[in-house]
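Below are the chains, spelled out letter by letter.
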Amino acid sequence: MAGKEILAGKKILIIEDNPMNMELAAVILESAGCIVIQADTAGEGIRLALESLPDLILMDIALPDMDGLAATGVLKREGSTGAIPIVALTAHAMKGVQEKALGAGCDGCIFKPINTREFAFAVAGHLK
Ligand code: MN
């Protein structure tokens, strides 16, 4: 990843409760030049989204306090965060999850397990 700062200066909020997924996503995005903000609950994620107005939000679906899709709905209805791209982080095995995520207002999906070689490019593809 060194030298390939394809996401230089982009502020990305990761809302993910699995520490290993969080660590992996954060390390990859920081290597790509991102400013990474981390939340491990939906409530904290919503609070940090409103406070920091990131360029993009990565949203886990299964969170301890609220479904990630419900949290997406909250952020999409807010004036200040409504236009921020939200990409669902979903397990590939979950049936129909991509349709559900798009139906809930997500702008796309990235499947777990995270592909270390493609992740930063996938995120870049969802930035405006
Ligand atoms: Mn989870």
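Before any of the text, the structure's been laid out above.
The sections below set out a description of the structure shown in this document. (Residues numbered from 1 in each chain as written. Predicted model: local features only at pLDDT ≥ 70, side-chain atom pairs only at ≥ 80, totals over all residues. Heavy atoms only, no water.)

1. Description of the coordination of the manganese ion
Thought 1: Within the protein, the manganese ion binds to D17 (OD), D60 (OD) and A62 (O); these donor distances fall in the range 2.0 to 2.2 Å.
Thought 2: For the manganese ion, the single-chain donor residues occur in sequence as D-x42-D-x1-A. With a gap of 43 residues between them, D17 in the loop between strand 1 (11-15) and helix 1 (19-31) and D60 in strand 3 (residues 56-60) connect regions that are remote in the sequence.
Thought 3: On the basis of relative accessible area, D17 is assigned to the partly exposed category, the value being 32%.
Thought 4: Classification of D60 as buried rests on a relative accessible area of 5%. (Donors = N, O, S within 2.8 Å, 3.2 Å for Na, K, Ca; no water. Helix = DSSP H or I, 4+ residues; strand = E, 2+ residues; numbered from the N terminus. Buried < 20%, exposed > 50% of the residue type's maximum accessible area, 1.4 Å probe, protein only.)

2. Comments concerning the pairing of strand 3
Thought 1: With five of five residues buried, strand 3 lies mostly within the body of the structure.
Thought 2: Alternating residues of strand 3 divide into L56, L58 and D60 and I57 and M59, and every residue in both groups is buried.
Thought 3: Pairing between strand 1 and strand 3: four bridges, direction parallel. Following the sheet pairing, I14 is matched in strand 3 by L58.
Thought 4: Of the strand pairs in this sheet, strand 3 and strand 4 (residues 86-91) are connected by four bridges, and their pairing is parallel. Looking across to strand 4, one finds that D60 is bridged to L89.
Thought 5: Considered for its hand, the β-α-β crossover made up of strand 3, helix 3 (residues 68-77) and strand 4 is right-handed. (Pairing = 2+ DSSP bridges. Right-handed = clockwise from strand over helix to strand, strands pointing away.)

3. A short note on helix 3
Thought 1: Regarding helix 3, the residues found buried are G68, L69, A71, T72, G73 and L75.
Thought 2: The inward-facing, buried residues of helix 3 contact helix 2 (42-52), strand 3, strand 4 and helix 4 (97-103).
Thought 3: In this structure D67 caps helix 3, since a side-chain oxygen of it lies 2.7 Å from the backbone nitrogen of L69. (Contact = heavy atoms within 4.5 Å. Polar contact = N/O pair within 3.5 Å; in protein donor to acceptor, adjacent residues only side chain to side chain.)

4. Some points on the packing of helix 2 against helix 3
Thought 1: Here helix 2 crosses helix 3 at 20°, and the two axes come no closer than 10 Å. Relative to helix 3, the element helix 2 is oriented roughly parallel. In the crossing of helix 2 with helix 3, the sense of the turn from one axis to the other is right-handed. When helix 2 is examined against helix 3, the residues A42, I46 and A49 are found in contact with a partner set consisting of A71, V74 and L75.
Thought 2: Looking at the contact of helix 2 with helix 3, its residues break down into six nonpolar, no polar and no charged. (Axes fitted to C-alpha atoms, helices over the stretch in contact; angles between N-to-C directions. Parallel < 35°, antiparallel > 145°, perpendicular 65-115°, else oblique. Left-handed = near helix turned anticlockwise from the far one by under 90°. Nonpolar A, V, L, I, M, F, W, Y, C, P; charged D, E, K, R; others polar.)

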